[in-house]
Amino acid sequence: MIKLDLSHAKLQEELSDYQAKVSEAHKWLHEKSGKGNDYVGWVEWPNNYDREEVERISKAALRLKDSTDVLVVCGIGGSYLGARAAIEMINGLYPHKKTEIIFVGNTFSANYINQVIEHIKDKEICLNVISKSGTTTETSVSFRLFKALMEEKYHDKAKERILATTDKERGTLKALADKEGYETFVIPDDIGGRYSVSTAVGLLAMAFAGIDPNEVLKGSKDAYDDFNTDDLNKNSAYRYAVARRILDNQGYSAEMFVTYELQMTSVAEWWKQLFGESEGKEGKGILPTSACFSTDLHSLGQFIQEGRKCLFETLLWVEHMNSDIVFPHAEVDFDNMNYLSGKNISWVNEMAMKGTLSAHEEDGNVPNIIIKLDNNSAYAFGYMIYFFFKACGMSCYLLGINPFNQPGVEVYKKKMFKLLGKE
């Protein structure tokens with residue numbers, strides 16, 4: 001399902017030199033003995049997830065989606081990035097006859113919130129609010145607004161159309177859900193937000209979008225089996241992690257995650273949170289950036305080719321997308337493009353990828369890591385996220401930091417609360 005190619009990475013160290021450290025870190029992950037070990041529930045999640053809850057997720061979506069034009073998902077960070085990545089990767093940007101999924105609670109922009117309200121006011125709506133504590137500020141602001149909209153529109157029936165994904169037993173949102181009678185789904189105690197997409201956090205929105213949660217989990221289970229070894233010769237997730245550390249040692253301070261499909265853009269946003277929030281601590285870490293080619297070659301390509309040599313590229317190439325189109329022949333070759341007549345546009349995209357790789361690697365001296373994903377199915381998404389989970393955990397442990405906390409995020413909150421007048 002995933003093939004890792006390091007032949008373009010320009011590595012100046014041998015991966016095998018890291019084997020002892022990798023073996024130690026592998027034990028930390030699987031034996032829950034490393035830094036942040038109270039948040040490694042994602043490691044065994046593909047084996048021990050709550051089957052009954054996944055069934056409830058599917059039933060809730062089945063019960064409501066036929067009477068729902070729009071599912072409004074209210075959450076920030078890991079509470080929305082993973083679901084959005086999955087839905088766009090699998091269904092595309094303009095899915096036909098699917099429940100529309102709109103994400104709020106991730107911004108204080110009044111302009112955006114008003115646009116969403118205007119867009120949905122005459123539609124049938126369900127609301128999924130996602131917060132472990134129920135006090136996340138961005139999410140709480142939007143939830144209060146959209147809760148009021150739901151109650152004005154549906155009155156006493158609103159509670160049947162509001163779903164809460166939160167802590168199993170405690171917290172402000174859990175207490176409110178119990179009081180109002182919302183159906184609830186669980187954010188596991190030992191899984192942090194950026195590792196939570198294969199829990200109810202991501203699966204509920206996916207189910208509303210027509211994606212089978214079981215296929216996602218099956219992909220993650222097979223990835224668990226494939227990457228449950230400390231042998232660098234057999235574990236491509238760990239090989240990717242080690243390659244990142246080697247390039248970091250070579251002075252590359254930024255990693256550009258590159259795709260060639262617009263519907264993979266949100267996968268890049270999810271990846272940036274995963275690695276940025278996990279790795280950026282103690283003055284360490286690689287800056288995660290992203291680009292979608294060939295689109296961004298017309299804005300960033302010049303810098304990548306001839307600018308400061310501070311970045312390497314990680315190319316995620318999907319080998320078999322679920323649609324294609326043939327370039328037509330024109331009787332009058334007005335644009336001099338008939339040389340492409342009869343060619344699949346996917347082939348043109350592939351040639352653009354190969355040409356760009358050659359230019360950046362050979363002429364621009366930019367290292368490239370290539371990750372090939374077989375297709376863009378729900379199974380492939382589940383497999384891919386577990387690959388990156390495993391790689392991220394290993395990469396951080398090799399750096400000597402806790403992959404599962406985010407102490408720096410709290411700094412802006414404290415300063416913001418002071419300005420807002422919160423005690």
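Above this note sits the structure.
From a predicted model like this one, the values you see are computed outputs, not experimental measurements.

Reading the values: rules and limits
- Every chain's residues receive numbers from 1 upward, in the order its sequence appears when written.
- Note on the predicted model: pLDDT of at least 70 is required for a residue's local features to be given, and 80 or more for side-chain atom pairs to be given and counted; whole-chain, interface and lining totals, by contrast, use all residues.
- With hydrogens and water excluded, all non-hydrogen atoms of the structure serve as input to the side-chain values.
- Helix and strand labels come from DSSP, where a helix needs a run of H or I of at least four residues and a strand needs a run of E of at least two; each type is numbered from the N terminus.
- Only protein chains enter the area calculation, which uses a 1.4 Å probe; residues under 20% of their type maximum are buried, those over 50% are exposed, and those in between are partly exposed.
- Here, two residues are considered to be in contact whenever any of their heavy atoms come within 4.5 Å of each other.
- Patch membership requires more than 30% relative accessible area and the absence of a salt bridge. Residues of like charge join within 9 Å; the nonpolar side chains Val, Leu, Ile, Met, Phe, Trp and Tyr join within 5 Å.
- All accessible areas in this document rest on Shrake-Rupley with a 1.4 Å probe, and a residue is counted as covered only by the protein chains that are shown.
- Only one rule defines a salt bridge in this text: a Lys or Arg side-chain nitrogen within 4 Å of an Asp or Glu carboxyl oxygen.
- Two strands are said to pair when DSSP picks up at least two bridges between them.
- Interaxial angle, 0 to 180 degrees, is taken between N-to-C directions of lines fitted to C-alpha atoms, where a helix line uses only the stretch in contact.
- Counting rule for charge: Lys and Arg are taken as positive, Asp and Glu as negative, and neither His nor the chain ends is counted.
- Polar contact is the term for a pair of N or O atoms within 3.5 Å; when the atoms are in protein, one must be able to donate a hydrogen and the other to accept it, and sequence-neighboring residues count only if both atoms are side-chain atoms.
- Look down the strands so they point away from you; if the path from the first strand over the helix to the second goes clockwise, the crossover is right-handed.

Engineer: Lay out unusual backbone geometry in plain terms, naming residues and giving numbers.
Structural biologist: In this model, Phe293 is joined to Ser294 through a cis peptide bond whose omega is 5°. By the secondary structure assignment, Ser294 is in the loop between strand S8 (287-292) and helix H12 (301-306). With phi around 55°, Lys97 is a residue other than glycine that occupies positive phi space. On the secondary structure map, Lys97 appears in the loop between helix H4 (81-91) and strand S3 (100-104). Judged by relative accessible area, Lys97 falls into the exposed class, the value being 76%. A positive phi is found at His155, a non-glycine position, where the angle reads about 55°. Topologically, His155 is positioned in the loop between helix H6 (137-154) and strand S5 (162-166).

Engineer: Got a sec to walk through the side chain of Arg244? Specific residues and values, please.
Structural biologist: With respect to the helices and strands, the residue Arg244 is situated in helix H10 (residues 236-249). Residue classification places Arg244 among the buried residues on the basis of a relative accessible area of 1%. Residues contacting Arg244, with those up to four places away along its chain left out, are Glu255, Phe275, Glu279, Ile286, Phe312 and Ser395.

Engineer: Which residues make up a nonpolar patch on the surface, and what values do they have?
Structural biologist: Side chains of Leu93, Tyr94 and Leu262 sit close together on the surface and give an oily, nonpolar patch of about 380 Å² of accessible area. Within the secondary structure, Tyr94 is located in the loop between H4 and S3. Accessibility expressed as a relative area gives 78% for Tyr94, which makes it exposed.

Engineer: Tell me about the sheet that holds S5, residues and numbers included.
Structural biologist: Within the open sheet, the 5 strands sit side by side as S3-S2-S4-S5-S6. Their pairing is parallel. Two strands in the sheet have a free side with no partner beyond their single neighbour: S3 and strand S6 (183-186). Across the sheet, the mean angle separating the axes of adjacent strands is 20° when strand polarity is ignored. Across the face of the sheet, helix H7 (residues 172-180) comes into contact with strand S4 (125-130), S5 and S6 while running at roughly 145° to S5.

Engineer: Can you explain the environment of Val40? Please cite residues and give values.
Structural biologist: Considering the arrangement of structural elements, one finds Val40 in the loop between helix H1 (19-31) and helix H2 (41-48). For Val40, a relative accessible area of 1% corresponds to the buried category. With 293 residues separating them along the chain, Val40 and Asp333 place their C-alpha atoms 59 Å apart. The residues touching Val40, leaving out its near neighbours within four places in the chain, are Leu29, Lys32, Asp190 and Phe404.

Engineer: Can you break down the sheet that holds strand S9 (residues 311-320) residue by residue, with the values?
Structural biologist: In spatial order, the strands read S1-S10-S9-S7-S8; together these 5 strands make up an open sheet with mixed pairing. Each edge of the open sheet carries a strand with a single partner, namely strand S1 (2-5) and S8. For this sheet, the mean angle separating the axes of adjacent strands, direction not counted, is 20°. Against the sheet, helix H13 (residues 345-363) makes contact with S9 and strand S10 (368-375), and its axis sits at roughly 160° relative to S9, the strand it touches most. In this fold helix H14 (residues 378-399) packs onto S1, strand S7 (254-259), S9 and S10, with an angle of close to 150° to the strand it touches most, S10.

Engineer: Give me the pattern of salt bridges: which residues, what numbers.
Structural biologist: Summed over the entire model, instances satisfying the criterion amount to 23 salt bridges. Between Arg56 and Glu183 there is a salt bridge, with its nearest N and O atoms 3.1 Å apart. Taken as a pair, Arg56 in helix H3 (residues 51-64) and Glu183 in strand S6 lie far apart in primary sequence, 127 residues in all. With its nearest N and O atoms 3.2 Å apart, the salt bridge here joins Lys174 to Asp178.

Engineer: With reference to specific residues and values, describe the side chain of Glu361.
Structural biologist: Position of Glu361 among the secondary structure elements: in helix H13. One buried charged residue, Glu361, forms no salt bridge at all, with the nearest opposite charge on Lys10 at 4.6 Å. Of the polar contacts made by the side chain of Glu361, one reaches the side chain of His8; its length is 2.6 Å. Excluding its chain neighbours within four sequence positions, the residues that come into contact with Glu361 are Ser7, His8, Lys10 and Val366.

Engineer: Quick one: what's the story with the pairing of S9, residue by residue and with numbers?
Structural biologist: Of all 10 residues in S9, 8 are buried; the element is thus mostly enclosed. Two elements, S7 and S9, share 5 bridges in a ladder whose sense is parallel. Looking across to S9, one finds that Ala254 is bridged to Leu311. In the sheet, S9 pairs with S10 via 7 bridges, with the strands oriented parallel. Note on S10: the bridge partner recorded for Thr314 is Ile369. With H13 bridging S9 and the parallel S10, this β-α-β connection has right-handed handedness.

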